[in-house]
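# Coordinates in review
Residues per chain are reported as follows:
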Amino acid sequence: MTTVDEAPAAATDQTESDILVVAREQVLECGEALRYEQILDVLRLPEDRLTELLELAHDVRMRWCGPEVEVEGIISLKTGGCPEDCHFCSQSGLFASPVRSAWIDIPSLVEAAKQTAKTGATEFCIVAAVRGPDKRLMSQVAAGIEAIRNEVDIQIACSLGMLTQEQVDELAAMGVHRYNHNLETARSHFPKVVTTHTYDERWDTLRMVREAGMEVCCGGILGMGETVEQRAEFAAELATLDPDEVPLNFLNPRPGTPFGDLDVLPAAEALKSVAAFRLALPRTILRFAGGREITLGDLGAKQGILGGINAVIVGNYLTTLGRPAEDDLDLLDDLSMPIKVLNDTL
């Protein structure tokens, strides 16, 4: 039988075990990231605590990252015809997908960089659908970077697949300051997403990129059939990698791909994941990327930015349409969140 004297102690024990109380002390006050089991506790929170969770994640973002939002645009230098079998990707040459192989020319690349800069973006990422770059692609990237630098004041990032040490050194010498190579999902789920290369091959590229002095951009896609436990595993693995930026994509099922029939991740689960990744990566640039439009809609975009996100890709993605850049910029203005300026990134 519980006595009056015992009741306060029981209440205290319950409070101390509440993951959001723990996270407020551990992450917000001390800046210490949540660990795997704690991340899992966050992801298992009932939906009626989502608002409370998002508010805490926003407080963490403001405390450890500040109010600025980094804006980025991306362009596909080489589209389609990829030899890999990433099950989410319509650019794979192995699937009955609608994306055909194509290259864009250097003037078009420069024009895309100009239009990106006009949005206030500080980041322009050159992407290619390849296993890894060959000599032709490296030559095109070098020419493109030189042409962009002659006309546009913007930071240049690249995403060209898996690299050799020689290629890493070449990109660093070109002045690429950030390299994107997503791990995509948890190690335990990776073999169900990709079979033509390994998780460790991706990790090796990221290690070489960091050792060469470039910033590391590494994230993935949520909603690819992973369990909640694997989602927590992925966040914890990214925390171990400690990337400079984590792009969070949400699966937009593409016709003709092995994942074309998967359901879209429910909005509440997506927002809960955004907050959980912020609590696992309190000082990292956490970027809204592909699939947020179909997963979250306009309201979700606002909730995400008020729930831990501090960077966005504006405009279209590689093979899918995004929100108009003006919509995202207007939203940031309405929320009184300044766009990070170029000088802050140097």
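Each value, and the rule that gives it
Residues numbered from 1 in each chain as written. Predicted model: local features only at pLDDT ≥ 70, side-chain atom pairs only at ≥ 80, totals over all residues. Heavy atoms only, no water. Helix = DSSP H or I, 4+ residues; strand = E, 2+ residues; numbered from the N terminus. Buried < 20%, exposed > 50% of the residue type's maximum accessible area, 1.4 Å probe, protein only. Contact = heavy atoms within 4.5 Å. Areas by Shrake-Rupley, 256 points an atom, 1.4 Å probe, with all protein chains shown as cover. Polar contact = N/O pair within 3.5 Å; in protein donor to acceptor, adjacent residues only side chain to side chain. Expected span 1.5 Å × (residues − 1). Salt bridge = Lys/Arg side-chain N within 4 Å of Asp/Glu carboxyl O. UniProt positions renumbered as here; feature names shortened; annotations may be inferred. Phe/Tyr/Trp six-rings, centres within 6.5 Å; stacked < 30°, edge-to-face > 60°. Lys NZ or Arg CZ within 6 Å of the ring centre and 35° of its normal. Disulfide = S-S within 2.5 Å.

### Describing the overall build of the protein chain
Scanning the protein chain from terminus to terminus reveals 13 helices and 10 strands. Counting all 346 residues of the protein chain, 56% fall into the buried class. Sequence-distant contacts, at least 24 apart, represent 76% of the contacts inside the protein chain between residues at least 6 apart. As presented, the protein chain carries roughly 14800 Å² of accessible surface, and 51% of it is formed by carbon and sulfur atoms.

### Some thoughts on the side chain of Glu 84
Mapping Glu 84 onto the fold places it in the loop between β1 (70-79) and β2 (102-103). Assessed through its relative accessible area of 6%, Glu 84 is described here as buried. One polar contact links Glu 84 to His 197, side chain to side chain, over a distance of 2.7 Å. The residues touching Glu 84, leaving out its near neighbours within four places in the chain, are Ser 92, Leu 94, Arg 131, Thr 196 and His 197.

### Digging into unusual backbone geometry
Positive phi is not limited to glycine here, since Glu 184 has a value of about 75°. Here Glu 184 is to be found in the loop between β5 (178-180) and α8 (199-211). Backbone geometry places Asp 242, a non-glycine residue, at a positive phi of 55°. Looking at the element boundaries, Asp 242 is found in the loop between α9 (228-241) and β8 (245-250).

### Observations regarding helix α10 (residues 267-280)
Given a rise of 1.5 Å per residue, 14 residues ought to cover 20 Å, and the 20 Å separating the end C-alpha atoms of α10 matches this to within 8%. Most of α10 is tucked away: 12 of the 14 residues are buried. Listing the buried residues of α10 in full gives Ala 268, Ala 270, Leu 271, Lys 272, Ser 273, Val 274, Ala 275, Ala 276, Phe 277, Arg 278, Leu 279 and Ala 280.

### Describing the pattern of salt bridges
Considering all chains together, one arrives at 23 salt bridges under this definition. In this structure, Glu 229 and Arg 44 form a salt bridge, with 2.8 Å as the shortest nitrogen-oxygen distance. Of this pair, Glu 229 sits in helix α9 while Arg 44 sits in the loop between α3 (36-43) and α4 (50-64), and the two are 185 residues apart along the sequence. According to the relative accessible area criterion, Arg 44 is partly exposed, its value standing at 49%. In this structure, Arg 287 engages Glu 72 in a salt bridge whose closest nitrogen and oxygen atoms are separated by 3.2 Å. Placement of Arg 287 in strand β9 (residues 285-288) and of Glu 72 in strand β1 is noted, with a sequence separation of 215 residues between them.

### Focus on the UniProt feature "binding site: [2Fe-2S] cluster" (unreviewed entry) in the protein chain
The UniProt entry lists Cys 125, Cys 217 and Arg 287 under the feature "binding site: [2Fe-2S] cluster" (unreviewed entry), expressed in the numbering used here. Separation in sequence by 163 residues is not matched in space for these annotated residues, since their most distant C-alpha atoms are only 13.4 Å apart. Position of Cys 125 relative to the elements: it lies in strand β3 (residues 123-128). With near-sequence residues (within four places) excluded, Cys 125 lies in contact with Glu 72, Gly 73, Ile 74, Ile 75, Ala 157, Cys 158 and Ser 159.

### Re the packing of aromatic side chains
The full count for this structure, using the stated rule, is 4 aromatic pairs. Judged by centre distance (6.2 Å) and plane angle (25°), the rings of Tyr 199 and Trp 203 are stacked. Taken together, the positions of Tyr 199 and Trp 203, both in helix α8 and 4 residues apart, correspond to about one turn of that helix. A relative accessible area of 24% places Trp 203 in the partly exposed class. Relative to Phe 288, the ring of Phe 250 has its centre 6.5 Å away and its plane inclined at 65°; by these criteria the two rings are edge-to-face. Here Phe 250, found in strand β8, pairs with Phe 288, found in strand β9; they are 38 residues apart in sequence, far enough to count as distant. One aromatic cluster is present, formed by Phe 190, Tyr 199 and Trp 203 through successive ring pairs. Directly above the aromatic system of Trp 103 lies the positively charged group of Arg 136, at a separation of 3.8 Å from the ring centroid.

### Thoughts on the environment of Met 214
Position of Met 214 relative to the elements: it lies in the loop between α8 and β6 (215-217). The buried category is assigned to Met 214, whose relative accessible area is 5%. Sequence separation between Met 214 and Ala 157 is 57 residues, and the spatial gap between their C-alpha atoms is 9.3 Å. Setting aside chain neighbours within four positions, we find Met 214 in contact with Val 168, Leu 171, Ala 172, Val 176, His 177 and Val 209.

### With respect to the state of the cysteines
A covalent bond between the sulfur atoms of two cysteines is referred to as a disulfide. With the rule as written, the count across this model stands at 0 disulfides. As a non-bridged cysteine, Cys 125 has Cys 158 as the owner of its nearest cysteine sulfur, 6.5 Å distant. Given a relative accessible area of 4%, Cys 125 falls into the buried group. Distance from the sulfur of Cys 217, which forms no disulfide, to the nearest cysteine sulfur (Cys 125) is 6.9 Å.

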